[in-house]
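Below, each chain spelled out in residue letters.
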Amino acid sequence: MSIHENLLGGPPPTHLPDDPEPRELLAGGTPAAEVAAKYPTSSLAWARLADEAFERGSTVESYAYARTGYHRGLDALRRNGWKGHGPVPWEHEPNRGFLRALHALARAAQAIGEQEEYERCSQFLKDSSPTAAQTLG
């Protein structure tokens, strides 16, 4: 039995394909803006830009970066069989860029007073990956 087998009959977990280049560049210290420019479909690069902007107090900029990463992630999820709901496990590392962007979008939405968006994104994160919601706070 798979650890991710859904016994309730829901959709199977979505596992995005690995794209190690952006992750390796970021881990090696390449600026997130350079990685996003070279790999514009990388949710991880956009999530990192969102985190950096948020840390320096540029909340609206963080929101924009996070929204870009979120939409890039939705596109990737749909290309890989996701039908708008179901698990997106944090445990599968390639999913983490999307989940980080979703978390960053919720955080920035809350910071600018967009409560409905904050609640929607927070619930979406919990529904997609309880582990991500707990890990990212």
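Quick note: structure is the one above.
Source: prediction; values computed, not measured.

Brief notes about the overall build of the chain
Phase 1: Within the chain one finds seven helices and zero strands.
Phase 2: Listing each helix as α and each strand as β along the chain from the N terminus yields α-α-α-α-α-α-α.
Phase 3: Counting all 137 residues of the chain, 39% fall into the buried class.
Phase 4: Contacts in the chain between residues at least 24 apart in sequence constitute 61% of all its contacts with a sequence separation of at least 6.

A look at the nonpolar core
Phase 1: By size, the foremost hydrophobic cluster in this structure holds 25 residues, and its most contacted members are Y70, F98, L99, L102 and F124.
Phase 2: Residue assignment for this core shows that the elements contributing at least two residues are α4 (59–79), α5 (96–111), α6 (115–128) and α7 (130–136).
Phase 3: For this core, the element with the highest residue contribution is α5, accounting for eight residues.
Phase 4: With near-sequence residues (within four places) excluded, L102 lies in contact with Y70, C121, F124 and L125.
Phase 5: Grouped together as the second largest cluster of nonpolar side chains are seven residues, A32, V35, A36 and L49 included.

Structural notes on the environment of L49
Phase 1: Mapped onto the secondary structure, L49 falls in helix α3 (residues 43–55).
Phase 2: A sequence separation of 65 residues divides L49 from E114, and the C-alpha atoms of the two residues are 20 Å apart.
Phase 3: The residues touching L49, leaving out its near neighbours within four places in the chain, are A32, A33, A36 and Y65.

Let's talk about the side chain of H103
Phase 1: The residue H103 is located in helix α5 in this model.
Phase 2: Within the structure, H103 has its side chain in polar contact with the backbone oxygen of L136 (distance 3.1 Å).
Phase 3: Excluding anything up to four places from it in sequence, H103 contacts L125, L136 and G137.

Focus on the pattern of salt bridges
Side chains that differ in charge, positive against negative, can pair when their charged atoms come close.
Phase 1: On inspection of all chains with the given rule, the structure shows six salt bridges.
Phase 2: The salt bridge involving R67 is made with E117; its shortest N-O contact spans 2.3 Å. With R67 in helix α4 and E117 in helix α6, the pair connects residues that are 50 residues apart, well separated along the chain.
Phase 3: According to the relative accessible area criterion, R67 is partly exposed, its value standing at 24%.
Phase 4: For E117, the salt bridge is made with R120, and the minimal N-O distance between the two is 3.0 Å.

Quick notes on α4
Phase 1: The end-to-end C-alpha distance of α4, which contains 21 residues, comes to 30 Å, matching closely the 30 Å that a straight helix rising 1.5 Å per residue would cover.
Phase 2: Taken together, the buried positions of α4 are S62, Y63, A66, G69, Y70, G73, L74, A76 and L77. What you see down the axis of α4 is that its buried residues fit within an arc of 160°, all on one side. Exposed and oriented more than 90 degrees from the buried face of α4 are V60, R78 and R79.
Phase 3: Elements in contact with the buried residues of α4: α3, α5 and α6.
Phase 4: Two residues or fewer past α4, G81 is found with a positive phi of approximately 95°.

What counts and how
- Residues numbered from 1 in each chain as written.
- Predicted model: local features only at pLDDT ≥ 70, side-chain atom pairs only at ≥ 80, totals over all residues.
- Heavy atoms only, no water.
- Helix = DSSP H or I, 4+ residues; strand = E, 2+ residues; numbered from the N terminus.
- Buried < 20%, exposed > 50% of the residue type's maximum accessible area, 1.4 Å probe, protein only.
- Contact = heavy atoms within 4.5 Å.
- Core = buried A, V, L, I, M, F, W, Y, C linked by side-chain atoms within 4.5 Å.
- Polar contact = N/O pair within 3.5 Å; in protein donor to acceptor, adjacent residues only side chain to side chain.
- Salt bridge = Lys/Arg side-chain N within 4 Å of Asp/Glu carboxyl O.
- Expected span 1.5 Å × (residues − 1).
- Arc of directions from axis to C-beta.

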